[in-house]
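# Tertiary structure, described
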Amino acid sequence: MKVALTVNDFLRRAELVYPDRTANVDEPDQPAESWGAITYREMAARARAMAAGLDELGIGVGVRVAMLSHNSARLLTALFGVSGSGRVLVPINFRLVAEEVKYIVEHSGARLLLVDPELADAMADVECERKLVIGAEADAVLMKFGVDPQPWVVDEDATATINYTSGTTARPKGVQLTHRNLWLNASIFGWHMGVSDRDVYLHTLPQFHCNGWGMLYAVTGMGAEHIMIRKIDGAEILRRVDEHGVTLMCGAPAVLNMGLDAAATWEADTGRPIPGRDRVRIVVAGAPPPTRTIERCMTELGWEFVQIYGLTETTPVITMNRGRAEYDDLAVSEQAAKLNRAGAPVVGCTMAIDDQGEILARGNMIMDGYWEQPDQTAAAIRDGFFHTGDGGTIDDDHYVVISDRKKDVIISGAENVSSIEVEDALFQHPDVTEVAVIGIPDEKWGELVTALVVTTPGSSLTEDELIAFAKTKLAGYKCPKRVEFRDELARTATGKLQKFKLREPFWADQSRQVN
């Protein structure tokens with residue numbers, strides 16, 4: 001027997017087995033009316049009501065619904081109510097500016113756009129066939145209780161979400177993730193992490209970011225509790241770990257750094273020990289943090305450190321590095337050094353390195369393709385493998401070690417930044433004649449977006465002025481944090497920028513060319 005795998009399976013089980021258990025605790029401090037604490041019975045009812053509301057709005061199976069939102073109970077529910085009824089959810093990065101959001105809405109063909117109230121004014125010029133500001137009024141339009149939604153003939157190969165990611169092109173690409181992709185990624189991720197009904201999951205990772213890496217599906221399927229957090233702050237993370245008994249979270253290295261910074265004064269400020277010791281597992285990805293940071297996580301916080309590697313195109317988890325029995329007798333510093341690698345393949349994934357040193361992956365977690373970009377899909381998936389664009393090696397333990405990034409992508413705070421996109425924006429300034437955008441090592445963000453700029457003769461353009469200009473064109477996290485003015489930029493005889501030469505001085509004392 002073969003039964004289609006869909007995201008509905010996770011919420012259906014939670015409603016069946018744990019109907020009266022708290023499903024999620026919504027962010028109390030938000031511009032929309034908070035949902036507060038709701039049970040799995042209530043969450044499933046709201047997901048069905050959302051599907052029925054889409055029926056009434058004429059949003060049929062396969063139609064795209066875009067949602068621009070901070071972490072919230074509504075977005076979590078939409079991942080089931082929209083995708084689980086055969087529609088396609090397009091979660092959009094809330095850090096993007098209107099011009100970028102406009103492109104995603106148009107490119108995806110979304111017919112409905114849901115916008116966070118905090119972002120409504122900034123998105124006033126973004127048009128869509130139907131546009132709602134998230135909140136109680138939108139709930140009344142979008143959710144129809146007491147009405148059975150139209151049945152969907154389930155298809156595990158149907159696209160469940162389209163997640164836009166920056167890469168080697170100036171415009172982001174829409175990654176099509178199927179129900180099968182999401183189901184297997186979530187199940188494998190949850191299995192490796194030992195997720196159970198006793199877990200309490202804090203949403204320190206943006207839900208738009210590859211659907212919260214899929215962990216939110218695994219947590220739901222086990223009937224565990226979700227704790228929403230809208231704005232990431234170190235002290236607030238520790239406070240919620242303390243208040244809710246959090247056992248699990250995911251995030252970029254910057255999130256871990258915030259927790260470490262806040263922990264330095266926690267005991268003096270609160271009179272209580274740092275919460276979560278010997279209880280919290282934190283899963284980190286985006287860039288391997290320094291070994292010292294891993295060691296501090298284990299000693300100062302007393303949290304288990306786990307590292308994963310993947311891309312939006314891989315749903316995302318393809319490798320994991322978690323402490324194992326063989327490490328138990330090692331010194332903490334030695335354990336941290338071993339945990340610094342990207343990790344071994346997860347169940348069902350095959351990793352390889354091609355003759356150019358590029359990391360390749362093969363498995364059921366690989367995307368269906370890029371939305372309406374078949375040429376880009378064919379370039380990324382070929383010869384039976386997905387080509388990650390990262391350079392690296394596989395060591396004697398079969399662990400992947402990332403050494404360089406072949407693609408022209410900077411990863412800052414676990415967000416992909418296309419250097420081409422940033423260069424295109426900076427070139428629009430009349431005083432800029434040449435520009436190269438690179439990532440340089442940074443302890444907090446992993447890599448710092450840095451612009452090397454040549455200006456017109458006699459220009460008085462300053463670093464602050466150019467960064468301010470960039471902020472009118474790009475999301476803040478994409479904008480350069482540092483600008484250096486140069487007389488010229490290294491190029492080949494044919495005029496191509498030699499970014500490896502531009503990067504060399506910044507990375508000379510680093511053991512690898514990604515941070």
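Residues numbered from 1 in each chain as written. Predicted model: local features only at pLDDT ≥ 70, side-chain atom pairs only at ≥ 80, totals over all residues. Heavy atoms only, no water.

## Topic: the packing of helix H8 (residues 234-244) against helix H9 (residues 253-270)
- With their axes 7 Å apart at the nearest point, H8 and H9 run at an angle of 80° to one another. Between H8 and H9, the crossing angle belongs to the class labelled roughly perpendicular. From H8, Gly234, Ala235, Ile237, Leu238, Arg239 and Asp242 reach across to H9, where they touch Val255, Met258, Gly259, Ala262, Ala263 and Trp266.
- Residues of the contact of H8 with H9, tallied by class, amount to 8 nonpolar, 2 polar and 2 charged. (Axes fitted to C-alpha atoms, helices over the stretch in contact; angles between N-to-C directions. Helix = DSSP H or I, 4+ residues; strand = E, 2+ residues; numbered from the N terminus. Parallel < 35°, antiparallel > 145°, perpendicular 65-115°, else oblique. Contact = heavy atoms within 4.5 Å. Nonpolar A, V, L, I, M, F, W, Y, C, P; charged D, E, K, R; others polar.)

## Comments concerning the nonpolar core
- Ranked by size, the top nonpolar core spans 80 residues in total, and within it Phe80, Phe189, Met193, Trp213, Met215, Tyr217 and Val283 carry the most contacts.
- Counting residues per element, this core draws most heavily on helix H2 (residues 40-56), which supplies 7 residues.
- When neighbours within four sequence positions are excluded, Val283 is seen to be in contact with Phe189, Met193, Trp213, Leu248, Met249, Cys250, Gly251, Val306 and Ile308.
- Counting 43 residues, the second-largest nonpolar core is a separate cluster that includes Tyr103, Val105, Cys128 and Val483. (Core = buried A, V, L, I, M, F, W, Y, C linked by side-chain atoms within 4.5 Å. Buried < 20%, exposed > 50% of the residue type's maximum accessible area, 1.4 Å probe, protein only.)

## Observations regarding the pairing of strand E5 (residues 112-115)
- Burial along E5 is two-sided: Leu112 and Leu114 and Leu113 and Val115, pointing in opposite directions, are all buried.
- With 4 bridges connecting them, strand E3 (residues 64-68) and E5 associate as parallel partners. Bridging from a neighbouring strand, Val65 pairs with Leu112 of E5.
- Where E5 lies against strand E6 (residues 130-133), 4 bridges are found, and the strand directions are parallel. (Pairing = 2+ DSSP bridges.)

## Focus: empty space enclosed by the protein
- The full count for this structure, using the stated rule, is 5 cavities of 30 Å³ or more.
- The calculated volume of the largest cavity comes to roughly 650 Å³.
- Lining of the largest cavity is provided by 41 residues; of these, Thr165, His209, Thr312, Ala414 and Asn416 occupy positions nearest its centre.
- Counting only elements with at least two residues in the lining of the largest cavity, the list comes to strand E4 (88-92), helix H4 (98-108), strand E7 (159-165), strand E13 (304-310), strand E21 (400-405), strand E22 (409-412) and strand E23 (415-418).
- At 4 residues, E13 tops the list of elements feeding residues into the lining of the largest cavity.
- Residue composition of the lining of the largest cavity, grouped by class: 24 nonpolar, 10 polar and 7 charged. (1 Å grid on protein atoms, 1.4 Å probe; cavity = no way out; pocket = protein on both sides within 12 Å on 5 of 7 lines; lining within 4 Å. Points joined across faces, edges and corners; volume = space filled by probe spheres on them.)

## Overview of the pattern of salt bridges
- All told, the structure shown has 30 salt bridges when counted by the stated rule.
- Ionic pairing is found between Arg230 and Asp116, a salt bridge with its closest N-O pair at 2.8 Å. You can see Arg230 sitting in the loop between strand E10 (225-227) and H8 and its partner Asp116 sitting in the loop between E5 and E6, a full 114 residues away along the chain. One exposure class covers both Arg230 and Asp116, and it is buried.
- Between Glu156 and Arg180 there is a salt bridge, with its nearest N and O atoms 3.0 Å apart. In this pair, Glu156 is assigned in the loop between helix H5 (136-142) and E7 and Arg180 in helix H6 (residues 179-193), connecting sequence segments 24 residues apart.
- Note on Glu156: relative accessible area 6%, which makes it buried.
- By sharing partners, the salt bridges in this structure join Glu27, Glu236, Arg239, Arg240 and Glu243 into a single network. (Salt bridge = Lys/Arg side-chain N within 4 Å of Asp/Glu carboxyl O.)

## As for the packing of aromatic side chains
- Counted under the stated rule, the structure contains 4 aromatic pairs.
- Look at Phe10 and Trp183: their rings are 5.9 Å apart centre to centre, the planes differ by 40°, and that puts the pair in the tilted class. Remark: Trp183 occurs in helix H6 and Phe10 occurs in helix H1 (residues 8-17); sequence separation between them is 173 residues.
- Judged by centre distance (5.9 Å) and plane angle (35°), the ring pair of Phe10 and Tyr217 falls under tilted. (Phe/Tyr/Trp six-rings, centres within 6.5 Å; stacked < 30°, edge-to-face > 60°.)

## Quick notes on H2
- With 17 residues, H2 extends 24 Å from end C-alpha to end C-alpha; this agrees with the ideal 24 Å at 1.5 Å per step.
- Within H2, 12 of the 17 residues are buried, which leaves the element mostly enclosed by the surrounding structure.
- Of the residues flanking the end of H2, it is Gly58, one or two places downstream, whose phi is positive at about 80°. (Expected span 1.5 Å × (residues − 1).)

## A few points about the sheet that holds strand E25 (residues 446-455)
- Read from one edge of the open sheet, 3 strands run E24-E25-E26, paired in mixed fashion. Strands at the two margins of the open sheet, each flanked by one partner only, are strand E24 (432-442) and strand E26 (482-485). Going from strand to strand, the sheet's axes swing by 25° on average, the running direction of each strand aside.
- Here E25 pairs with E26 via 4 bridges, running parallel. If you follow Ala451 over to E26, its bridge partner there is Val483.
- Taken strand by strand, helix H15 (residues 499-507) contacts E24, E25 and E26, and its axis lies near 40° from that of E24.

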